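What the coordinates show
What follows is each chain in one-letter form.
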Amino acid sequence: EIPLDDKATFEMLGEGAATGVFQLESTGMRSTLRAMKPDTLEDIIALVSLYRPGPMENIPTYIERKQGRQDPDYLHPLLEDVLKETYGVIIYQEQVMQIAQILSGYSLGEADLLRRAMGKKKKEEMDQQRVRFNEGAEKRGVSREKANYIFDLVAEFAGYGFNKSHAAAYALIAYQTGWLKANHPAAFMAGLMSLD
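Description of the structure in this document. Computed from a prediction, not measured in an experiment: that's the story for all the values here.

Turning our eyes to something else, we now look at the layout of surface pockets. Any space left empty among the atoms is revealed by the rolling of a water-sized probe across them. By volume, the largest pocket amounts to about 240 Å³. Every residue lining the largest pocket is counted, 13 residues in all, and those nearest its centre are Asn58, Gly88, Val89, Ile90 and Leu153. Residue assignment for the lining of the largest pocket shows that the elements contributing at least two residues are α4 (59-66) and α9 (144-158). Ranked by residue count, the leading element in the lining of the largest pocket is α9, at 4 residues. Its residues assigned to classes, the lining of the largest pocket comprises 7 nonpolar, 3 polar and 3 charged.

Structure (structure tokens):
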């Protein structure tokens, strides 16, 4: 029954006051929370996914775009719906699969094979996938140059992409512990101290 739009929770997280909050209490994470100023559960899902080696380099871009200081880049008009939630930053494995489906006509099964091939970075498989990706994109009126550019971006991301459903479960628990801290600080801290 905890509301997912609690202003006090998001204000507290935006101040970086996340000590004791599941997944969000490291020094670097608290600093990122201050810069990001999350105001939706989706922001926390994205943060949980981005705050790992590899995707961390995209955190400044996400923050700049979220704060309106930089325009989102959706790579291609066909991909705006897939990338709008994350301001044009590829964060989730599911986005990799959707990009392949929308831009190159992959079936869901083919898109999953692409995601796995990109994760393993086997050159022979990747070369075959590039040909398939480019041919599919050309059939949809996307230039080979643009398709290659998007394929390279997606391939770079796919090696460390996070499953959104996994991140969402973590983020929900993070939000719930943040809600407890923001709305019931004495009980929260007493419980935290009892456990630690």
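More follows now that the structure is in view.
All right, on to the nonpolar core then. The biggest cluster of nonpolar side chains holds 28 residues, and the ones touching the most others in it are Leu13, Leu24, Ile44, Tyr62 and Ile91. Residue assignment for this core shows that the elements contributing at least two residues are α1 (7-14), α2 (27-36), α3 (41-50), α4 and α10 (164-183). For this core, the leading source of residues is α3, giving 7 residues. In contact with Tyr62, not counting residues within four places along its chain, are Met36, Glu42, Asp43, Ala46, Leu50, Glu85, Thr86, Tyr87, Val89 and Ile91. Ile99, Ala100, Tyr106 and Ile150 belong to the second-largest nonpolar core, a separate cluster that totals 27 residues.

According to the stated counting rule, one finds 5 aromatic pairs in the structure shown. Judged by centre distance (5.3 Å) and plane angle (65°), the rings of Phe133 and Phe151 are edge-to-face. You can see Phe133 sitting in helix α8 (residues 123-139) and its partner Phe151 sitting in helix α9, a full 18 residues away along the chain. No difference in accessibility class separates Phe133 from Phe151, as the two residues are buried. Within the aromatic cluster, the residues linked to one another by ring pairs are Tyr106, Phe133 and Phe151.

So, about the environment of Val82. In this structure, Val82 sits in helix α5 (residues 80-83). Judged by relative accessible area, Val82 falls into the buried class, the value being 10%. Residues Val82 and Gln98, 16 residues apart in the sequence, show an inter-C-alpha distance of 7.0 Å.

A few words on the environment of Asp127. With respect to the helices, strands and loops of the structure, Asp127 is situated in helix α8. When its relative accessible area of 35% is taken as the criterion, Asp127 is described as partly exposed. A sequence separation of 79 residues divides Asp127 from Val48, and the C-alpha atoms of the two residues are 31 Å apart.

Conventions adopted
Residues numbered from 1 in each chain as written. Predicted model: local features only at pLDDT ≥ 70, side-chain atom pairs only at ≥ 80, totals over all residues. Heavy atoms only, no water. 1 Å grid on protein atoms, 1.4 Å probe; cavity = no way out; pocket = protein on both sides within 12 Å on 5 of 7 lines; lining within 4 Å. Points joined across faces, edges and corners; volume = space filled by probe spheres on them. Helix = DSSP H or I, 4+ residues; strand = E, 2+ residues; numbered from the N terminus. Nonpolar A, V, L, I, M, F, W, Y, C, P; charged D, E, K, R; others polar. Core = buried A, V, L, I, M, F, W, Y, C linked by side-chain atoms within 4.5 Å. Buried < 20%, exposed > 50% of the residue type's maximum accessible area, 1.4 Å probe, protein only. Contact = heavy atoms within 4.5 Å. Phe/Tyr/Trp six-rings, centres within 6.5 Å; stacked < 30°, edge-to-face > 60°.

These results come straight from atomic positions and should not be treated as a statement about function.
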